[in-house]
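# A look at the structure
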Amino acid sequence: MLKLYMRLGIPVLVVCIVAAAGLAVTYAVTKDRIAAQDREAKARSLRIVLADATTFAEIDAKKDAAAYEKAASAAGDTRVDGLYRALDGSGAQVGWGVLVAPRGYGGPISMAVGVDRNGKVTGATIISMNETPGLGTKVLTQVDWLPRFVGLDTATGADSVRKVDTIMGATKTSRGVRNGVGAAAAIYADVLKSMEGGAGQ
Amino acid sequence: MKQWMKVLKNGLSFENPLTVLMIGLCSVLAVSSRAEGSFFMGVAVMFVLVMSNVIIAAIRHLIPEEVRIPIFIVIIASFVTIVDLVMKAYLPSVYSFLGVWIPLIVVNCIVLGRAEAFAYHNRVWLSVADGIGMGLGYTIIITALAAFRELFGGGQIVFLKMTLVTLPAFYRPPNILLLFPGAFMLFGLIVAGSQALNRRMAAKQAAAHASVKEAM
């Protein structure tokens, strides 16, 4: 019996060890590059939504776990991917960046929303999404649509967001994006507003 | 060499994984809405196919038959993970479009099917030909389907941020081409077309064979 286990087990074990070694090498080679790509994609979208800011300091999810918890409950169904202090060249805070992932038609829509210190939305953009090409992607190809969120007051968050019409043929996607901006507004009102004057100042 | 070419051509025509064997279709219907993504999906599948075929053919005498499937899966999954990591690092835009379909290559019937049906019984050299042939057969069909859907359903083809073709503005792209029903219908037409082509090729080969025999 033992002999049978050895005969079958050893080849599987050897293959697994070699495979694991190969993967470890690939992971080590690509790790930094993947992290850099990820950071770059986030920073690029944050710069789009907050043109005044030059650097973005992420609010630490470990140190400020309470903030993230409150943000998650303010966002409701929408996933919260990150909260950022937006700083200008001199290091003064000019606003907040919020990464959220509301549900769209083809899964979560990863997006960035900027809010200035007066609580006005400065912009919203999409980092990545899996929406139907030609339909859901209209939220990007109709270039005048996303800018309609600019200037919305977060104090009336959910209500003012609903004033932005959905796009015909992209109802679910535009509703998702609206929910994303609404969630960011709620996060600002419930969490970020009271954190003003924190470490970034 | 002659046999090598024959194996390679088989993957493109008489045993094309998509139009004849009809395996690995879900990924085709799902990602063939953009030519760029489909092309890289094809390249990824081809890489995994060739590499897993090579390894499996090379160690086929050492793999006990009872545990061959787990071993195949470990080998295939490793190469898929390598593709996954490399693509995430160097082609992030393509990666975000393909999303879950890259990891899903592990369970793509083409790869496991070729490991089981070909690489486990053939020499390394021929298994390379099989991998390339099957991979090319997959890539060509999926990219052609995607290029058609993107062009006539979206109005233009964009490849690595370059716009290759744009249709004039008066053409109003029918959205159905970009949705799943459109993919099904177009794929049916592609299958019909390639069947006709294969039949004609087979008839020609049979005729050539017959005339050789007559001459002898």
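Bear in mind the structure is a predicted one, so any value in this text is a computation, not a measurement.

What counts, and where the lines are drawn
- Residue positions are given per chain, counting from 1 as you read along its sequence in written order.
- Whichever chain is written first becomes A and whichever ligand is written first becomes 1, with later ones labelled in order.
- In view of the model being predicted, local features appear only for residues whose pLDDT reaches at least 70, and side-chain atom pairs are presented and counted only at 80 or more, with totals across whole chains, interfaces and linings using the full set of residues.
- Side-chain measures were taken over the full set of non-hydrogen atoms in the model, leaving aside hydrogen atoms and water.
- Here a helix means four or more residues in a row that DSSP labels H or I, a strand means two or more in a row labelled E, and each is numbered from the N terminus.
- Atoms counted for the radius of gyration: C-alpha only. Globule rule: 2.2 Å times the number of residues to the power 0.38.
- For this analysis, residues touch if any pair of their heavy atoms sits within 4.5 Å.
- Computed with the Shrake-Rupley method and a 1.4 Å probe, the accessible areas treat only the protein chains shown as cover for residues.
- The classification of residues rests on relative accessible area computed with a 1.4 Å probe and restricted to protein chains. Under 20% of the type maximum is buried, over 50% is exposed, and intermediate values are partly exposed.
- Note on pairing: DSSP must find at least two bridges between two strands before they are called paired.
- Put simply, buried area is how much 1.4 Å-probe accessible surface two parts lose in total, over both of them, once they are put together.
- We define a salt bridge as a side-chain nitrogen of Lys or Arg found within 4 Å of a carboxyl oxygen belonging to Asp or Glu.
- Residues belong to one nonpolar core when they are buried, are Ala, Val, Leu, Ile, Met, Phe, Trp, Tyr or Cys, and are joined through side-chain atoms within 4.5 Å.
- One confidence number per residue, pLDDT, is output by the predictor and ranges from 0 to 100.
- Angles shown run from 0 to 180 degrees and are taken between the N-to-C directions of axes, each axis being a line fitted to C-alpha atoms and, for helices, limited to the stretch in contact.
- Angle categories: roughly parallel below 35 degrees, roughly antiparallel above 145, roughly perpendicular from 65 to 115, and oblique for all the rest.
- Crossing handedness is read from the near helix: turned anticlockwise from the far helix by less than a right angle, it gives a left-handed crossing, and turned clockwise, a right-handed one.
- Note that Gly is not counted as nonpolar here; it falls among the polar residues with everything else outside the nonpolar set of Ala, Val, Leu, Ile, Met, Phe, Trp, Tyr, Cys and Pro and the charged set of Asp, Glu, Lys and Arg.

### Observations concerning the overall build of chain A
Secondary structure assignment for chain A yields five helices and five strands. Ordered by position from the N terminus, the helices and strands of chain A form the series α-β-α-β-β-β-β-α-α-α. Its C-alpha radius of gyration of 22 Å places chain A more than 25% over the 17 Å reference for a compact globule of 201 residues. Along the three orthogonal principal directions, the C-alpha set of chain A runs to about 75 × 45 × 30 Å. Contacts spanning at least 24 positions in sequence make up 56% of the contacts within chain A whose residues lie at least 6 apart. Total accessible area on chain A stands at roughly 10,500 Å², and carbon and sulfur atoms take up 57% of it.

### A closer look at the overall build of chain B
Scanning chain B for helices and strands turns up eight helices and two strands. With the C-alpha coordinates of chain B rotated into their principal frame, the extents come out at 60 × 50 × 25 Å. Within chain B, the fraction of its 216 residues that count as buried is 46%. Restricting to contacts in chain B with at least 6 residues of sequence separation, those with at least 24 account for 75%.

### So, the pairing of strand E4 (residues 110-116) of chain A
Residue and element names in this part refer to chain A. Most of E4 sits out of view: seven of its seven residues are buried. Residues Ser110, Ala112, Gly114 and Asp116 line one face of E4 and the alternating positions Met111, Val113 and Val115 line the opposite face, and both faces are buried. The pairing of strand E3 (residues 93-101) with E4 spans six bridges and is classified as antiparallel. Its bridge partner lying in E4, Val100 is registered against Met111.

### Some remarks on the interface of chain B and chain A
With 23 residues of chain B at the contact, the number on the chain A side is 20 residues. Both sides of the chain B and chain A interface together cover about 1,900 Å² of buried area, and 76% of this is carbon and sulfur. On inspection of chain B and its partner chain A, the count reaches one salt bridge. Ionic pairing is found between Glu66 of chain B and Arg7 of chain A, a salt bridge with its closest N-O pair at 2.9 Å. Going through the elements one at a time, helix H4 (68-90) and helix H5 (92-98) of chain B are the ones with two or more residues in the side of chain B that touches chain A. Among the elements that make up the side of chain B that touches chain A, the one with the highest residue count is H4 of chain B (eleven residues).

### Quick look at the nonpolar core
Counting 48 residues, the largest nonpolar core has Met41, Val48, Leu98, Ile102, Ile105 and Tyr138 of chain B as its most contacted members. When contributions to this core are tallied by element, the ones reaching two or more residues are helix H1 (2-49) of chain A together with helix H2 (25-31), helix H3 (35-58), H4, H5, helix H6 (109-117), helix H7 (124-154) and helix H8 (180-215) of chain B. Residue contributions to this core peak at nine residues, all from H4 of chain B. Those residues in contact with Tyr138 of chain B that sit more than four places away from it in its chain are Pro17, Leu18, Gly24, Ser27, Val28, Met41, Gly42, Val45, Asn108 and Ile110 of chain B. With 37 residues, the next largest nonpolar core counts Val100, Val115, Met129 and Val181 of chain A among its residues.

### Some remarks on the pairing of E3 of chain A
Along any regular strand the residues' side chains alternate between the sheet's two faces. Residues and elements named next belong to chain A. Of all nine residues making up E3, eight are buried, and the element is well covered by its neighbours. Sheet analysis places strand E2 (residues 79-87) next to E3, joined by eight bridges and oriented antiparallel. Each bridged residue has a counterpart across the sheet, and for Arg85 the counterpart in E3 is Trp96. Between E2 and E3, which follow one another and run antiparallel, lie five residues, and Gly91 among them has a positive phi close to 95°.

### Observations concerning the confidence of the model for chain B
Looking at chain B as a whole, its pLDDT mean stands at 91, while 100% of the residues score no less than 70. Considering each helix and strand of chain B separately, the mean pLDDT is smallest for strand E2 (residues 162-166) of chain B, with a value of 86, and largest for H3 of chain B, with 96.

### Description of the packing of helix H2 (residues 65-75) of chain A against helix H5 (residues 171-192) of chain A
All names here are of chain A. Put simply, H2 and H5 touch, their axes get as near as 8 Å, and they point 135° apart. Here H5 runs oblique to H2, going by the angle between their axes. Seen along the crossing, H2 lies across H5 with a hand that is right-handed. From H2, Ala67, Lys70, Ala71, Ala74 and Ala75 reach across to H5, where they touch Ala183, Ala186, Ile187, Asp190 and Val191. Residues of the contact of H2 with H5, tallied by class, amount to eight nonpolar, no polar and two charged.

### Points about unusual backbone geometry
For Met22 of chain B, which is not glycine, the phi dihedral falls at a positive 55°. When its relative accessible area of 38% is taken as the criterion, Met22 of chain B is described as partly exposed.

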